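Inside the fold
Given next are the chains, with one letter for each unit.
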Amino acid sequence: MEERIYERLLRATRREFYQQVSIDPTVPQLLEKAERDGVETVWHRYLAQQPQCGFGLLGDCCRNCNMGPCRIDPFGYGPSRGICGATADTIVARNLMRALAAGAAAHSDHARDIIEVFRGIVDGWAKDYRIADEQKLLGVAKALGIEVDGKGTLEVAREVVEVAEMEFGKPGNEPLRFLNAYAPKRRKELWNKLGITPRAIDREVTEIMHRTHMGVDADPLSLIAQGLRAALADGWSGSMMATMFSDVMFGTPKPIRIWSNLGVLREDAVNVMVHGHNPLLSMKIAEVAKDPELVELARSLGAEGGINVVGMCCTGNEVLMRLGVPIAGNFLQQELAIITGALEAVIVDYQCLMPALVDVASCYHTKIITTEPKARIPGAIHIEFDKAKAEESAKKIVRLAVENFKNRVKERVFIPKEKMEAMVGFSVEAILSALGGTLEPLADALRSGKVKGIAGVVGCNNPKVRQDSSHVAITRELIANDVLVVGTGCWAIAMSKHGLFKPEAAELAGPGLREVCKALGIPPALHMGSCVDCSRMLIALAALSEHLGVDMSDLPVVGSAPEWYSEKAVSIGSYFVASGLFVHLGTVPPVLGSPKVVEILTKGAEELLGGKFFVETDPHKAVKAMLEHIREKRRKLGWPE
């Protein structure tokens, strides 16, 4: 009897825990099912890791050579230096810069893959791809100083791709061409003065790895300066190229209505989920899923509704904003989609893929299909994506998913009912179009105070934070104070799930922002794409600063990553700080082991760059600080508060 009471108490405690991990109503329902099915999720593993390593949280442990590992005692009773003599300041700075390098490399390698296929269009081997937005291509060419008059599209494309390819590894110390074309003059002069103008993407990442090798750079300020240089290479070139070439190849996003959350899965259809970050395969998967032969095959196996492609994370963002493909959720929901028991296949490219997907899928009939040689998962089915035969590869993968429908166990299927309609796809071009082709209406709204400021909110989910709670709380409070919110990534998916991407959400905004949104027919929070598309915000802010005749650091603009976890977010936050922005972080980075590094990031950076990091886990206190920053900028511009 005692055991049964204990089990009931334990179960009740777990139920309470499941209710606390997310504000998304689909999550506790599926965690209950996971428990019944004997499946472990990210939240269970998070609990199993408690307490997490204190040295790791502070950032003052070093594994960069085999004399170690070494760690510094933060309380001053134990070692104050590593075996080589490195202090906590050196170790924390080195660790942070290695994380930044990984983030910048991830975004920029993503760009390299897109550009490789664009080269295939020019050279003729990527026959299943085309130039979908010629105007965007011509705009990029002109910005790079390439003459376009009298030239055919492919001739211009060839010259543009030659510039892009050189961005990764060009020799010499000349600035990156894309940064030179799109960054404001004042910023470029400042970066030159500080010696942090990036020269080539691979070079800046490589130099971080060299500097953080034992026996090289030990100065925290010098290390962080190189980190900012690599971050600028990411934001103003690597990420920017990934976005621009994707737009040219697949179309520049325009406002489109979509559905989001796990309720987009269907019992009557073969459900295929595309997951990761790169649109090269996922766009083809969405296209071939309409192939009559594959649809008929699905129906012949009992899937009367045919084939239902849904997205997850930023690959989901890529296909939803261009094709209207529904999105099943953000980062922390990838395992839950499998736990519905209704998913025939998860097709992944790279980034933000939990290796545990295979373990979860082994409890159901779902097939995990890896497609990139650089992102394999033990236990998954690997089908190499052949970009020269993109449609053939996509059909082969979708056929595998369709044939797996017969293995679905109907009794184990539970699809939550929750789904939400949203308006997404606000590229810079779409925002300009909504404004009538000029930034002046936005500039006028900012000057008058109808719109007090702009916030760019980005980033991930993190089990340390109640899923989506900080994203939603911060956004609702900012728009209520007449701050227009734009953003990308898992924040964007959270907004779509919680109704803040509906034009009707303008009712939640302050009177000035509400008036602007209603006049334009737009939501008070705008979807600008996947996390690599943060470069769209850089371009918009650069254009706004030039339009107003001020530096980017003078604008009433803030950034926030309320639930970040990824190394890519370290790079994103850093290129925004280097571009002059106040950037809030909602989870604490592993830097508290070094007061000097903290001082550089939160104070010293502002003196040099006009931007800085601000760390606050309480979303309401974070908004208070962001609003005060916006008011301060407005006062300096002489605009009404």
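Described below are features of the structure shown in this document. Position labels on residues start from 1 in each chain and follow its written sequence. Confidence filtering applies because this is a predicted model: local features only for residues at pLDDT of at least 70, side-chain atom pairs given and counted only at 80 or more, and all residues used for totals across whole chains, interfaces and linings. Side-chain metrics in this entry use all non-hydrogen atoms of the structure; hydrogen atoms and water are not considered.

1. Observations regarding the overall build of the protein chain
Threshold: Secondary structure follows DSSP: runs of H or I at least 4 residues long count as helices, runs of E at least 2 residues long count as strands, and numbering of each begins at the N terminus. Every radius of gyration here is taken over C-alpha atoms, with the globule rule written as 2.2 Å times N^0.38, N being the number of residues. Residue exposure (1.4 Å probe, protein chains only): buried if accessible area is under 20% of the type maximum, exposed if over 50%, otherwise partly exposed. Contacts between residues were defined by any pair of non-hydrogen atoms, one from each residue, lying within 4.5 Å. Each accessible area is a Shrake-Rupley estimate made with a 1.4 Å probe; only the visible protein chains count as cover when residues are assessed. Positive charge is attributed to Lys and Arg, negative charge to Asp and Glu, and no charge count is given to His or to the chain ends. For this purpose, a charge sits on NZ of Lys, CZ of Arg, CG of Asp or CD of Glu.
When you go through the protein chain residue by residue, the secondary structure sums to 26 helices and 16 strands. Over its C-alpha atoms the protein chain spans a radius of gyration of 24 Å, differing by no more than 12% from the 26 Å that the globule rule assigns to 641 residues. Dimensions of the protein chain, computed from C-alpha atoms along their principal axes, come out at roughly 75 × 65 × 55 Å. For the protein chain, with 641 residues in total, the buried portion stands at 60%. Within the protein chain, contacts between residues at least 6 apart in sequence are counted, and of these 75% link residues at least 24 apart. Entry remark: accessible area of the protein chain is about 24800 Å², with carbon and sulfur atoms responsible for 53%. Side-chain charges of the protein chain comprise 75 positive and 79 negative groups, with the mean position of each set lying 2 Å from the other.

2. What about empty space enclosed by the protein?
Rules: Put simply, the grid is 1 Å and covers the protein atoms alone, a cavity is a trapped set of points that fit a 1.4 Å probe, a pocket is an open set with protein on both sides within 12 Å along at least five of seven lines, and lining residues have an atom within 4 Å of a point. Grid points are joined across faces, edges and corners, and a volume is the space filled by probe spheres set on the points. Here the term charged refers only to Asp, Glu, Lys and Arg, the term nonpolar to Ala, Val, Leu, Ile, Met, Phe, Trp, Tyr, Cys and Pro, and the term polar to all other amino acids, Gly among them.
Summed over all chains, the structure comprises 3 cavities of 30 Å³ or more. Looking at the largest cavity, its volume works out to about 130 Å³. Every residue lining the largest cavity is counted, 16 residues in all, and those nearest its centre are H277, G459, C460, C531 and K568. Of all elements in the fold, only helix 21 (489–497) and helix 24 (567–578) reach the threshold of two or more residues within the lining of the largest cavity. Taken together, the residues of the lining of the largest cavity break down into 10 nonpolar, 5 polar and 1 charged. Approximately 90 Å³ is the volume attributed to the second largest cavity. Residues that form the lining of the second largest cavity fall into these classes: 8 nonpolar, 3 polar and 2 charged.

3. Points about unusual backbone geometry
Residue Q50 is joined to P51 through a cis peptide bond whose omega torsion reads -10°. Residue placement: P51 occurs in the loop between helix 3 (42–48) and helix 4 (54–58). Of note, the bond from G68 into P69 is cis; its omega dihedral lies within 30 degrees of zero at 10°. Tracing the backbone shows P69 in the loop between strand 1 (61–62) and strand 2 (70–71). Here C352, not a glycine, exhibits a phi torsion of approximately 65°, which is positive.

4. A word on the nonpolar core
This is how it is decided: Residues belong to one nonpolar core when they are buried, are Ala, Val, Leu, Ile, Met, Phe, Trp, Tyr or Cys, and are joined through side-chain atoms within 4.5 Å.
Residues F118, Y129, F178, W236, I285 and I307 are the most contacted members of the largest nonpolar core, which totals 177 residues. Tallying contributions element by element places helix 11 (residues 220–250) first for this core, with 16 residues. Leaving out residues up to four positions away in the same chain, I285 has contacts with V272, V274, V309, I347, A394, I397 and V398.

5. Quick look at the pairing of strand 14 (residues 557–561)
Defined as follows: The pairing criterion for strands is at least two bridges between them, as found by DSSP. Classification remark: right-handed applies to a crossover when, strands pointing away from the viewer, the course from the first strand over the helix to the second runs clockwise.
Judged by how many residues are buried, strand 14 sits mostly within the fold: 5 of 5 residues are covered. Alternating residues of strand 14 divide into V557, G559 and A561 and V558 and S560, and every residue in both groups is buried. Here strand 11 (residues 453–457) runs beside strand 14; their pairing, made up of 4 bridges, is parallel. Following the sheet pairing, A455 is matched in strand 14 by V558. Of the strand pairs in this sheet, strand 14 and strand 15 (residues 582–585) are connected by 4 bridges, and their pairing is parallel. Counterpart to S560 in the pairing with strand 15 is H584. Traced from strand 14 through helix 24 to strand 15, the parallel crossover comes out right-handed.

6. Overview of the packing of helix 11 against helix 12 (residues 279–288)
Each pair of packed helices gets described by two things: the angle between the helix axes and the distance between those axes. Put simply, the test is: Only the stretch in contact is used when a helix axis is fitted, and all axes are lines through C-alpha atoms; the angle between N-to-C directions ranges over 0 to 180 degrees. In this scheme, roughly parallel covers angles under 35 degrees and roughly antiparallel covers those over 145, while 65 to 115 is roughly perpendicular and the rest are oblique. For a crossing to be left-handed, the near helix must be turned anticlockwise from the far one by less than a right angle; the clockwise case is right-handed.
Viewed as axis vectors pointing N to C, helix 11 and helix 12 meet at an angle of 25°, and their least axial separation amounts to 12 Å. Our classification of the angle between helix 11 and helix 12 gives roughly parallel. Here helix 11 and helix 12 pass one another in a crossing that is right-handed. In contact with S246, M249 and F250 of helix 11, helix 12 contributes P279, L280 and M283. The class makeup of the residues in the contact of helix 11 with helix 12 is 5 nonpolar, 1 polar and no charged.

7. Things to note about the side chain of Q226
Take Q226: it is sitting in helix 11. When its relative accessible area of 2% is taken as the criterion, Q226 is described as buried. Leaving out residues up to four positions away in the same chain, Q226 has contacts with R199, E204, E207, I208 and R211.

8. What to know about the side chain of S553
With respect to the element layout, S553 can be found in the loop between helix 23 (534–548) and strand 14. Once residues lying within four places of it in the same chain are set aside, the contact partners of S553 are R187, S579, G580, L609, G610 and K633.

9. Overview of the pattern of salt bridges
Heads up, the condition is: Definition used for salt bridges: Asp or Glu carboxyl oxygen within 4 Å of a side-chain nitrogen of Lys or Arg.
What the rule picks out here adds up to 40 salt bridges. Between D37 and R412 there is a salt bridge; the shortest N-O distance is 3.8 Å. In this pair, D37 is assigned in helix 2 (residues 26–37) and R412 in the loop between helix 17 (390–403) and strand 10 (420–424), connecting sequence segments 375 residues apart. By relative accessible area, D37 is classed as partly exposed at 23%. Overall, the relative accessible area of 30% leaves R412 in the partly exposed class. Taken together, the shared-partner salt bridges in this structure form one network comprising K136, D247, E318, R322, E429, D533 and R536.

10. Details of the environment of Q467
Spelled out, the test is: Pairing of N or O atoms within 3.5 Å defines a polar contact, subject to two protein rules: one partner must be a possible hydrogen donor and the other a possible acceptor, and residues neighboring in sequence count only if both atoms are side-chain atoms.
Summarising the element assignment, Q467 is placed in the loop between strand 11 and helix 20 (469–480). Discounting chain neighbours no more than four positions away, the residues touching Q467 are V21, S22, I23, D24, V27, W43, N330, L332, Q333, N461, K497 and E563. Reaching out from Q467, the side chain makes a polar contact with the side chain of N461 at a distance of 3.4 Å.

11. Observations regarding the packing of aromatic side chains
Quick note on the threshold: Only centres within 6.5 Å qualify two rings of Phe, Tyr or Trp (six-membered ring in Trp) as a pair; their planes then separate them into stacked at under 30 degrees, edge-to-face at over 60, and tilted for everything else.
The final tally for this structure, using the stated rule, is 8 aromatic pairs. When the ring of W491 is compared with that of F501, the centres are 5.6 Å apart and the planes differ by 80°; the resulting orientation is edge-to-face. On the criterion of sequence distance, the pair formed by W491 in helix 21 and F501 in the loop between helix 21 and helix 22 (511–520) is long-range, its members being 10 residues apart. Assigned by exposure class, W491 and F501 land together as buried. Between Y575 and F576 the ring centres are 5.2 Å apart and the planes differ by 45°, which places this aromatic pair in the tilted class.

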